[in-house]
Amino acid sequence: MGNTIHKSVSTSENNYPTPEIATLSETDVENIQRTWKIPAAAPHDSATLIFYTFLEKFPHNQQKFPAFKDKPLAELKDTVEFRAHSSRIFNVFSSVVDGLDKDTEMMKGIKKIVADVGKFHAKKKVTKKSHIEVREVIVEVLCAACKLNDEEKESWTKLLDIFFHVMFECIDGRSEQFL
């Protein structure tokens, strides 16, 4: 969600608990990687759908992006800037999913990828509330696009708990543990 600028962050915007890190089983990894192939088959379109849905569902977040501020959302969807930002978000998730079966050291590499994004978001004062909102949209879009069953949804929930655990730790100033 880069390119955000906040002058101050209210306590209520960051008053969300940090998700616990769950352990992903081999079945979880298989579920995630198999279902990710669906949005990954059309990465630019999938990325744009997630970002557009996020801003459509939570329009207050659009004002946090200087490049998109005060512009009609429908006009932004097909612009190069909008698709580029959408793709950056998507690429982080692709890197995480791609690394799931390769990162044998307690997901250290994956946590570092997420922490790099988390540190940037912390510096830009992106709130936990905004992260909770984007997480909701990611789950919604994945469930619809991939037709996730309960087991697959649980696998994704575990991965998103890991992802947002790292993001929230960075927002709370504890990014050094992921270096």
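Residues numbered from 1 in each chain as written. Predicted model: local features only at pLDDT ≥ 70, side-chain atom pairs only at ≥ 80, totals over all residues. Heavy atoms only, no water.

Engineer: What exactly am I supposed to notice about the side chain of S130 here?
Structural biologist: Position of S130 relative to the elements: it lies in helix α6 (residues 128-146). Overall, the relative accessible area of 1% leaves S130 in the buried class. There is a polar contact of 2.7 Å between the side chain of S130 and the side chain of N61. (Helix = DSSP H or I, 4+ residues; strand = E, 2+ residues; numbered from the N terminus. Buried < 20%, exposed > 50% of the residue type's maximum accessible area, 1.4 Å probe, protein only. Polar contact = N/O pair within 3.5 Å; in protein donor to acceptor, adjacent residues only side chain to side chain.)

Engineer: Can you help me understand the packing of aromatic side chains in this one?
Structural biologist: To describe a pair of aromatic rings, you give the distance between the ring centres and the angle between the ring planes. Summed over all chains, the structure comprises 12 aromatic pairs. Ring plane angle 70° and centroid distance 6.5 Å describe the contact between F164 and F168, whose orientation is recorded as edge-to-face. One end of the pair, F164, and the other, F168, are both in helix α7 (residues 150-171), four residues apart, so they sit about a helical turn from each other. Like F164, the residue F168 is buried in the burial classification. (Phe/Tyr/Trp six-rings, centres within 6.5 Å; stacked < 30°, edge-to-face > 60°.)

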